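Next come the chains, spelled out residue by residue.
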Amino acid sequence: MARATRLAKSLAVAAASASLLLGSSPAHAAALSGRVVSVADGTGVAGALVTLDLPAGAPGPAAITVFSDASGEFRFPDSPDALGRDATLTAAKLGYRHVVLGGSAQHAGASLVTALYLAPVADIASEAPASAWLSRAPAGDAKNITLASCSSCHQLASPRMRAYAAQIEAVRAGPGADAAALEQWRRIVRHEAWRTIVKYMRSLHYSVFPLESATNLDAVDWATAQNADYNFFSERQGEIVARYLADHFPRETASLSHEAYATGAPLAAGPRTVIREFAFPPRALVRELVPAPGSPFLWGADVKRNLIVRLDPRSGELREFPVEYAGSSGPHTIAPDDSGALWVTMVDNDQFGRFDPKTERWRLWTLRPSGLANDASLGGAAIVHDMSIDSRGHVARDRAGNIWLTMVGTNQLGTLQPETGDVAFYDTHRIEQLSPINHLIYSAVLSADRAQVWFSQVNGWVGCLDVRSKRVTQLVPFAEGEGPRRMARDDEGHLWVALFGAGRVAKIDMATARVVAKFDLPDRSAAPYAVTWDERRRAVWVANANSDAIYRLDAKTGEIAVIPLPRRMAYLRQLAIDRDGRLIGSYGNYPEGSGPSLGVVIELGDEGTPR
Amino acid sequence: MKRSAPMRVAARHFRRLAIALGLVAMTAHAQDAPLTAAQAKQLFNANGCNACHAVDETRIGPPYRAVALRYANPSPATLEWLAIKIVSGGAGSWGAVPMVSNPRLAPRDAKAAARWILSLESVGPDSERTE
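Parameters and conventions
- Residues numbered from 1 in each chain as written.
- Chains lettered and ligands numbered in written order.
- Predicted model: local features only at pLDDT ≥ 70, side-chain atom pairs only at ≥ 80, totals over all residues.
- Helix = DSSP H or I, 4+ residues; strand = E, 2+ residues; numbered from the N terminus.
- Rg over C-alpha atoms; globule rule 2.2 N^0.38 Å.
- Buried ≥ 20, exposed ≤ 12 C-beta atoms within 10 Å, placed from the backbone.
- Contact = placed C-beta atoms within 7 Å.
- Nonpolar A, V, L, I, M, F, W, Y, C, P; charged D, E, K, R; others polar.
- pLDDT = per-residue confidence, 0-100.
- Axes fitted to C-alpha atoms, helices over the stretch in contact; angles between N-to-C directions.
- Parallel < 35°, antiparallel > 145°, perpendicular 65-115°, else oblique.
- Left-handed = near helix turned anticlockwise from the far one by under 90°.
- Pairing = 2+ DSSP bridges.
- Expected span 1.5 Å × (residues − 1).
- Bend = angle between axes of the 7 residues up to and from the residue.

S.K.: Let's hear about the overall build of chain A: which residues, and what values?
M.R.: Along its length, chain A carries seven helices and 37 strands. Rg of the C-alpha trace for chain A: 25 Å, near the compact-globule value of 25 Å for 611 residues, within the 12% margin. Overall size of chain A, expressed as C-alpha extent along the three principal axes, is 80 × 70 × 45 Å. Relative to its 611 residues, chain A shows a buried fraction of 53%. Excluding contacts between residues fewer than 6 apart, the proportion of contacts in chain A whose partners are at least 24 apart in sequence is 60%.

Here you go:
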């Protein structure tokens, strides 16, 4: 009884202080290691994330995370200078809560050794990813449409969505005495409330643009802001979303049973895996981060601040390079070419640019198809979105030297010949009852022979256009809501497609345009945003918007493994692989301020990592 | 006259305290200063308020001027209550559909927003538009 009381007291203390403060240890040169222990039975906890959060402003990463091994042991590979200052060490694993039982790190020779304690918990509400809240919502087209529509901009179910659901359930003033009448009244309120949120989202996404942008809500009239034709989901889809959320969004949002959700796959991370996170400014909106050949830096596109950012992963130092355009540009997608130049699509003012890291100068091109309204708002914007890439994610040109680009505003593919500046635009696949923007044409991948460009439409299909005839020659149908989003090509003639709404990955034979396999992700609400081909590991990496996790899909066996990320609201869009086999990405922080503003570099420490 | 070491330390602490208090006073003054129209626009846009509200236009929620009309001559308590409502959301004042919460909005900014909204003058035969 006395022991139980002491444990309860310890847990109460832990609630107030969920991490171990390393304090002013003088261990500048010390390596840090230790063990993660379960307070339930004293055994080591395998596969726990151990995160060292470093003081703001310290050189290097903002945080370093390693994983515990089968016996719970963990070890940090390097000893940052900041270790001796106010760094904090936290252990995390879904289904557990970190508790502080007193004591501190002990010196053992040149090492600093500590124990971290985890207690099993029944309620995983504060640790689970956003997707966990939909784990028990019924599957089907309506769910897929909801995921594909909402998760384009934010996590589902985000904390704000859960707070809103709680407000709906708290509404009073309806019939009070008759329980059946009250429930009937609540059904109406729920539906109207979620319909209101759909309207809110149609206009809210305009307000995330900079104030100086012509696509900012301040510059767009209200009728335009609410026009579903200028949005990424149609009027009908908006009604489906509202109905689905009204019927199936969890009513209970204060707690989540640990039985409701599991990561669902073996770990793709081991005791040698190291995740380093680097701080961007809180107001930054860097959604994609890539390495470039010949450069020690990582490069990110900041859609909010009209610039690209250069991160030095050795020091954490940032440098910003504003787009040399007189007005808002909205850098969206960034990819290197083989020479190390950075190519950047921009959602504002029809711009596409090339940045030379050596001269630090921009060259810009305007891509404006005919047929657009003479209006700079989203209804009249070309929205230059993605550029054609090869199997390494590098910008790829067709046999005539053209770069192919997806044009969201017109549901077209565009070409740019950078040397001559020639541009042209070609129609793609069109679905009845969808406006051009509704299709949300997204990704472009060039075939190995550079004779075909493959495109995806989030609200449509995958297609293939012959670069000589400029005609669509192949179409691969997908059900509404499956949401083919970003794609990657492997070196064996397959196109891999992230199915954003369905939580699956499709494998297409590029020769026959047939889907040869579909792989269910462990979390079908993960909202896989992009896939990246890893030639060295013969695997496809899946970046997810909703599940705060990365999946590794073995190309040969179809087996899936998971890397849980150390942050909640880690809205991940895209992954790149550097020459040393590291995974490079950035948490979306979209809308600005909703999530962590961090770049992330993952050293897997596996057989694909050069020794 | 030379001061002793303890006195010098005390004097240094006093100077620091004075500077700190001065900064607090300046900050408090800045917090109480009404937002300009440009600052309000920036604040409402950055937090997505304008996705539901406008000064005079009925969007999803009530126009700001309608809010100002309902809560004319507000007491300090009303101002606080509205600021809390902006951060926490709520329902019932303008229908059963709840307003979303804005948890990222600092209480200071919420209060400044509420003050700016309630400073809007009504539009009618006897008044002139402020914009």
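Continuing now.
S.K.: Please provide a residue-by-residue account of the overall build of chain B, values included.
M.R.: A tally of regular secondary structure across chain B gives five helices and zero strands. Listing the helices and strands of chain B from first to last along the sequence gives α-α-α-α-α. Evaluated residue by residue, chain B yields a buried proportion of 23% over its 131 residues. Considering only contacts within chain B whose residues lie at least 6 apart along the sequence, 50% involve residues at least 24 apart.

S.K.: Tell me what's going on with the interface of chain A and chain B, and back it up with residues and numbers.
M.R.: If you look at the interface, chain A gives 22 residues, while chain B gives 21 residues. Those elements that provide at least two residues to the side of chain A that touches chain B are α3 (159-170) and α4 (179-207) of chain A. Across the side of chain A that touches chain B, the residue classes break down as twelve nonpolar, six polar and four charged.

S.K.: Would you mind going over the confidence of the model for chain B in detail, with residue names and values included?
M.R.: Where the model shows low pLDDT, its predicted coordinates should not be examined in detail. Residues and elements named next belong to chain B. Mean pLDDT over chain B works out to 78, with 68% of the residues at or above the 70 mark. A low-confidence stretch, residues 1-11 stays under pLDDT 50, and its non-local contacts, those more than four residues away or across chains, total two contacts. Scored below 50 in pLDDT, residues 13-30 shows zero contacts in the model against residues more than four places distant or in partner chains. At the level of chain-chain contacts, confidence expressed as ipTM amounts to 0.82, with global pTM at 0.90.

S.K.: Kindly report on the packing of helix α4 (residues 76-88) of chain B against helix α5 (residues 107-118) of chain B, identifying the contributing residues and their values.
M.R.: All names here are of chain B. α5 packs onto α4 with a crossing angle of 120° between their chain directions and a minimal axis gap of 8 Å. Between α4 and α5, the angle is such that the two are oblique. Both α4 and α5 take part in a crossing whose hand is right-handed. Together, L79, L82, A83, I86 and V87 of α4 and P107, A110, K111, A113, A114, R115 and L118 of α5 make up the contact between the two elements. Split by residue class, the contact of α4 with α5 holds ten nonpolar, no polar and two charged.

S.K.: Tell me about the sheet that holds strand β28 (residues 494-499) of chain A, and please be specific about residues and values.
M.R.: All names here are of chain A. Read across the open sheet, the four strands follow the order β27-β28-β29-β30; overall the sheet is antiparallel. Strand pairing shows two members of the sheet lacking a second neighbour, β27 (484-489) and β30 (514-520), which therefore form its edges. The average angle at which neighbouring strand axes cross in this sheet is 25°, direction not considered. Where β28 meets strand β29 (residues 504-509), six bridges bridge the pair, whose relative direction is antiparallel. Pairing of A498 across the sheet is with V505, part of β29.

S.K.: Help me get a handle on the sheet that holds strand β32 (residues 539-544) of chain A, residues and values and all.
M.R.: Residue and element names in this part refer to chain A. If you trace the four strands from one edge of the open sheet to the other, you get β31-β32-β33-β34, paired in antiparallel fashion. One side of each edge strand has no neighbouring strand; the edge strands of this open sheet are β31 (528-534) and β34 (560-564). Each adjacent strand pair in this sheet contributes to an overall mean axis angle of 25°, direction not counted. Bridge count for β32 against strand β33 (residues 549-554) is five bridges, and the pairing is antiparallel.

S.K.: Go over the confidence of the model for chain A, please, and point to the residues and values.
M.R.: Residues and elements named next belong to chain A. Averaged over every residue, the pLDDT of chain A is 90; the share at 70 or more is 91%. Confidence drops under pLDDT 50 across residues 1-19; counting only partners more than four residues distant or on other chains, this segment forms 15 contacts. Under a pLDDT of 50 for its full length, residues 23-28 has, in the predicted model, 13 contacts with residues more than four places off or in other chains.

S.K.: Give me unusual backbone geometry: which residues, what numbers.
M.R.: L156(A) connects to A157(A) through a cis peptide bond whose omega is 5°. As for its placement among the helices and strands, A157(A) is situated in the loop between α2 (141-150) and α3.

S.K.: If you had to explain the pairing of strand β4 (residues 63-67) of chain A to someone new, which residues and values would you point to?
M.R.: Residues and elements named next belong to chain A. Extensive coverage of β4 is indicated by the burial of five of its five residues. Burial along β4 is two-sided: the face carrying A63, T65 and F67 and the face carrying I64 and V66 are both buried. Bridge count for strand β3 (residues 49-53) against β4 is five bridges, and the pairing is antiparallel. Opposite T51, over in β4, you have T65 as the bridge partner.

S.K.: Help me get a handle on α4(A), residues and values and all.
M.R.: Taking 1.5 Å per residue as the helical rise, α4(A) with its 29 residues ought to reach 42 Å, and the 41 Å between its terminal C-alpha atoms agrees with that figure. For α4(A), the principal kink sits at M201(A) and spans about 25°.

S.K.: Give a detailed account of α5(B), specifying residues and quantitative values.
M.R.: All names here are of chain B. Its twelve residues give α5 an end-to-end C-alpha distance of 16 Å, which sits within 8% of 16 Å, the value for a rise of 1.5 Å per residue. Looking only at α5, the buried set comprises A110, K111, A112, A113, A114 and I117. On its buried face, α5 sits against α2 (37-46), α3 (64-70) and α4.

S.K.: For the pairing of strand β25 (residues 462-466) of chain A, give the residues involved together with the corresponding values.
M.R.: Residues and elements named next belong to chain A. In terms of residue burial, β25 counts as a mostly covered element, since four of its five residues are buried. With five bridges connecting them, strand β24 (residues 452-457) and β25 associate as antiparallel partners. The partner of W454 across the bridge, within β25, is C464. Between the end of β24 and the start of β25, which pair antiparallel, lie four residues. Bridging between β25 and strand β26 (residues 472-476) involves four bridges; their strand directions are antiparallel. Along β26, the bridge assignment pairs V462 with V476. Remark: five residues form the turn of the hairpin made by β25 and β26, two consecutive strands paired antiparallel; K470 in that turn has positive phi of roughly 60°.

S.K.: Pulling in residues and values, what's your account of the packing of α4(A) against helix α6 (residues 235-248) of chain A?
M.R.: Residue and element names in this part refer to chain A. Following both chains from N to C, one finds α4 and α6 inclined at 135°, their axes separated by 8 Å at the closest point. Classified by the angle between their axes, α4 and α6 sit oblique to one another. The two elements α4 and α6 cross, and the hand of that crossing is right-handed. Of α6, the residues touching α4 (which contributes R190, H191, W194, R195 and V198) are G238, V241, A242, R243, L245 and A246. Across the contact of α4 with α6, the residue classes tally to six nonpolar, two polar and three charged.

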